[in-house]
Amino acid sequence: MSSTEPFLVVEDLTVRFPTEDGLVTAVQDLSYSVEKGKTLGIVGESGSGKSVSSMAVLGLHDARTARITGSIRVDGQEVVGLNEAGLRKLRGRQIAMIFQDALAALHPFYKIGGQLAEAYQVHHPKATKREARRKAVEMLDRVGIPQPDRRVDDFPHQFSGGMRQRAMIAMGLINDPSLLIADEPTTALDVTVQAQILDLLQDLQSEFNSAVIIITHDLGVIAEMADDVLVMYAGRGVEYGPGKEILTRPQMPYTWGLLSSVPDVTGDTDSKLIPIPGNPPSLLNPPTGCAFHPRCVHSDKVEGDLCATTMPAFEQGNSGVRHLKRCHLRDPEVIFEREVLPVIAPELLEEK
Amino acid sequence: MSNINLDTDPERNPENPETRHAPELAKPDDVSHLSFAEIAAQGHGATRLDPDAPAVLSVDNLKMYFPVKSSGVVRRTIGHVQAVDGISFEVPRGGSLGLVGESGCGKSTTGRLITRLYEPTGGSMHFGEDRVDLAKVSNRAMKPLRRDVQMIFQDPYTSLNPRHTVGSIVGAPLSVHKVVPKDKIKDRVKELLEVVGLNPEHYNRYPNEFSGGQRQRIGIARALTLNPKLLVADEPVSALDVSIQAQVINLLQELQAEMGIAFLFIAHDLAIVRHFCPEVAVMYLGKIVEIADRETIYGSAHHPYTQALLSAVPDVKQAAIGGRRERIRLEGDVPSPINPPSGCRFRTRCHLAQDICAKVEPPLLQIGPRHKVACHFAGELGDAPRTPVTAGLLGVDGQGSPDPSVTPEDIPTGPGYEKRWFDVKSRQMVSA
Amino acid sequence: MFAYVVKRLLAGVLVLFLVSMSIFLLFWYGPNEPARVMCDTKTSNRCNAERLDRFTEELGYNNAWYAEYGDYVKGVFVGRDITVAAQTTRCDAPCFGLSYKNGKPVWEDMKDRLPATFSVAIGGATLYLLLGVPLGVAAARRRGTVQDKALVSSFLFLSSVPYYLFALLTWLFFSLKWEVPLIGDTGYVPLTESPTAWFGGLALAWICLGIFGCTQYTRYARGAMVEALSEDYIRTAKAKGLPTRTVVYRHGLRAALVPIVTIFGIDFGTLLAGTIFTERIFDIEGIGLWSLRAVMQRDLPIVSATALFSAVVLIMANLIVDLVYSILDPRVRLS
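All values reported here derive from a predicted model rather than from experimental measurement.

Moving on: the sheet that holds strand β4 (residues 122-127) of chain B. Residues and elements named next belong to chain B. One open sheet accounts for 4 strands, arranged β2-β1-β4-β5; its pairing is antiparallel. Each edge of the open sheet is held by one strand with a lone partner, namely β2 (77-92) and β5 (132-133). Those strands touched by helix α3 (residues 107-114) are β1 (55-69), β2 and β4, and its axis lies near 70° from that of β2.

Structure follows, in structure tokens:
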């Protein structure tokens, strides 16, 4: 492997699960990469494959049922097909994952400190119990839990929601991982607590210089956190590029739909809320052609029935910067600026 | 019965405005023939305020204390959770009031009080043209009123009985309240399903056959069954995917415009509340700390808590066009509602707090034509006064100790707005 | 915690009081002639109306029920003297009266039978826990595989055979047909008398209870474990890099134990209150067989004593389950 390769490289990742109703393709031909010190935001709705793909990075899928192809390289090491012992060395040590609902993700019967110490000891077998405990207290202190030497002996249910998520982060970072995957880390939290957690994640990232993947459905979180953004729909990447580029010059109607579906707290009150009609597709029987075409309100601008018959390639758009999109539209930036923007954010147009 | 035309079949009823988009909504999986212009025409901007609308609900000094029992062989009541502690507000007829705040602030309890899922400890809730006090009526007298006050729940997965068909879920209120003859119930249910954008032929399916957004539509149809005047919507979209949230919000806006339903809209998502509610009340630890129209709350909030909440909202457009707003960090967690802080409940997390805040509770003071705030140091963000604006009104000095030289003024505490208010800049009573 | 236990014990006492009183009232107002049994026994089946009246009087059935009930309760705590047919018998605490059939204090007979029942129950329960839980865990880990399906369906078949049939067939083959040495000769011999005979006499009973209970506990354990293994915290444990063994046992089984303990507490309580089929088929003189016989012979003091005993056992089992629960799950705070 070349030493210049990013820390995490995912190439043509496909994850399939056999079910009683047939083969479900949860992720298909997904490629992305994250460098150390950078944050990739993965956006998508439930069923878009964003969590499934990240769990594949840790090899968390049941090897007996999940069919994984493609390549996932962590610091040059191939993860797909790696045996359990090899995976265990990566998990928690080089790659840590924090989950959405910290109350459910922490074991209800064990003390916070014990769970942190366990994460430390499994990768530091020579460490004594006392050292592991000291490390746990130190990490709780680092993530801003008051009186960590006392709270270390609390059970998860004795923590508030925000503190539990902090403890979860402390557990993830206890072994100095180089990659942190945060799966909807703030979804269940109040905005004030969410702001605290996002600040904390940013502080810790600059301190540890780790690569971060943040999975969310909240474009606001993406806007604040991510250097790069990957938009996923029905198991595939549909738009990928630098965060600012994706959010200001999106070229894929699904991304437009996401932007027009959320009101903005400072936007013009005349901006319309325009939903994406319909429901996400079934992964068992995905639509033909572009998976988004049954819900797409711009497919009339593509000649013929290209959208319904041909899956668009994931390719570089017209803009100069690196910006991949999966769409048949010829001049998406013109459509976005002339049609979409005036309806969803008239004030942004005026600034231009 | 309904006074609006619910017949949405375009062949039978081409005049009904519903028919314009009902077919698309009824078949949400096949929308490829829609163009962006068409769908944009169906989108809505933020709901506007009608300042002259009379109140459909006036809540005055509403309280809900839950007893806390001691442990031990004999269980005594050793304290109370002051979940809601003396809140007053009005919901205008056909309008929407948003109720926002962090979890545990009492916003959901308020919703449950209004639908009388709890019996309030004190206060009044006058409803409708007859000004019936929902806080006082017996459960028996409440039954007919329940037609007028309905609720939409947060979780579309647990709030529908999985063993009942959609038809019986939506139709149950009709048979319970005996408003429609038995043989007409099915037709009415089909109409309602169509109104909320579901395929009416699916009335005999079970909730698990629907997606989250569709289930929430079923919940809405159930709430609409009896033509309510007031809908309490408790986090109606927070369990839904982003694209589906917007569908449901648009649907609620349409229903409100067409059926004249008033909403008490409880949510923690400040952006959604801003879009849906022309008026917003901010709650903290059982109290309303600020209530005002949308422009005031989001443009010139005067309470440090409101300012902190707003600054914490991640903002797509702001962040995308560069830079982000400075956040006001709120340290720590919300204190326990069993032993709330003395004086102002927010003072333990407030960067403006001074001695007076621990001694005197700030009243919810009207400081603008449609703006009330409960803070001794109420002021625009970054421009808070150095001395308490309330001292003169409350008969105390700047530290909150009683000042015999000042006579306290009579501050109105009712739910509505007065013609005269206290201007915090000039510190004088002014009127429009 | 202490206050909770005290409260539960007080509630238990109240339940016992109500149970004993209802049984007592049944004696008084039930459709029977409570003195008939004793009359028949004492007069060698030459009981006539006059004698029956005398026994009715002597047994106190002509007195107010509450006065007699007071005596009964007193007897339970301090013992009492009972005079029947001009014969006074000292009945020491805990006194549940005299058997109408043999005239001996009930407790004396009961004392002899408790060890047999306890031996059967403890042995059987240990066996089915030790077999069932590991099998259930193994099945849960292999969920959906051929082994799992084979185990689940064969156990489902086994547990749909009526228990008495299963036990009877076991006895027929092992004892009657094959006359297997040691275990073929069933019955209860006190452990102190001969450990080998104790073991041999009970082994078939244990095997039957064990296998039959195991089919159920495998299913419980499998279900609880499947649920536990699908929890978010299991995913977290894996993501930490823990070895599979630690994930399954330390994180999964620990959580799955809670529902198992709940069911086990009640099951075990029921076993202690007597296993009628097991005792009858394997000829073990335990509480179950004894109470069955007492019911058929209308020996009311024994019936009431065994009913009270079942109530005590079930109340204690429930309390212990709750205490164990609070130890297993720190979220449960007993207050």
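Moving on from the model shown.
This paragraph deals with the UniProt feature "transmembrane region" (unreviewed entry) in chain C. All names here are of chain C. Per the UniProt record, "transmembrane region" (unreviewed entry) is found at residues 9-29, 116-138, 150-176, 196-215, 255-282 and 302-328. Each end of residues 116-138 is marked by a C-alpha atom, and these two atoms are 33 Å apart; helix forms 100% of the span and strand 0%. For residues 302-328, the end-to-end C-alpha separation is 38 Å, with 100% helix and 0% strand making up the annotated structure.

It is common to report an interface's size as the accessible area lost on association of the parts. Across the contact, 27 residues belong to chain A and 25 residues belong to chain C. Between chain A and chain C the total buried area reaches about 2400 Å² when both faces are included, carbon and sulfur atoms providing 60% of it. When residues of chain A are sorted by the area they lose upon contact with chain C, A:F109, A:Y110 and A:E118 head the list and together hold 30% of the total. At the junction of chain A and chain C, the tally comes to 2 salt bridges. When the shortest N-O distance is used, the salt bridge between C:R250 and A:E118 registers 2.9 Å. For the side of chain A that touches chain C, the secondary structure elements donating two or more residues are α2 (84-90), β6 (95-98), α3 (102-105), α4 (112-123) and α7 (161-173) of chain A. It is α4(A) that provides the largest number of residues to the side of chain A that touches chain C, a total of 5 residues. Of the residues contributing to the side of chain A that touches chain C, the split by class is 17 nonpolar, 5 polar and 5 charged.

The positions that UniProt labels "domain: ABC transmembrane type-1" (unreviewed entry) are, in the present scheme, residues 114-325 of chain C. Its end C-alpha atoms 27 Å apart, residues 114-325 of chain C is made of 81% helix and 0% strand.

Turning next to the state of the cysteines. Using the criterion set out here, one finds 2 disulfides over all chains in the structure. What pairs with C:C39 in a disulfide is C:C47, and their sulfur atoms sit 1.9 Å apart. One quick way to see it: the torsion about the S-S bond of C:C39 and C:C47 is about 105°, and its sign makes the bridge right-handed. We note that C:C39, like C:C47, is buried. The disulfide that involves C:C91 links it to C:C95, with 2.1 Å between the sulfurs. The chirality of the disulfide connecting C:C91 with C:C95 is right-handed, given an S-S dihedral of about 110°. A residue is classified by how much of its surface remains accessible, and C:C91, at 1% relative accessible area, is buried. Sequence-ordered numbering of the bonded cysteines in chain C gives a disulfide pattern of 1-2, 3-4. Here B:C105 is not cross-linked by a disulfide; its sulfur's nearest cysteine counterpart is in B:C277, at 14 Å.

The rules we used
Residues numbered from 1 in each chain as written. Chains lettered and ligands numbered in written order. Predicted model: local features only at pLDDT ≥ 70, side-chain atom pairs only at ≥ 80, totals over all residues. Heavy atoms only, no water. Pairing = 2+ DSSP bridges. Helix = DSSP H or I, 4+ residues; strand = E, 2+ residues; numbered from the N terminus. Contact = heavy atoms within 4.5 Å. Axes fitted to C-alpha atoms, helices over the stretch in contact; angles between N-to-C directions. UniProt positions renumbered as here; feature names shortened; annotations may be inferred. Buried area = accessible area lost by both parts, 1.4 Å probe. Salt bridge = Lys/Arg side-chain N within 4 Å of Asp/Glu carboxyl O. Nonpolar A, V, L, I, M, F, W, Y, C, P; charged D, E, K, R; others polar. Disulfide = S-S within 2.5 Å. Buried < 20%, exposed > 50% of the residue type's maximum accessible area, 1.4 Å probe, protein only.

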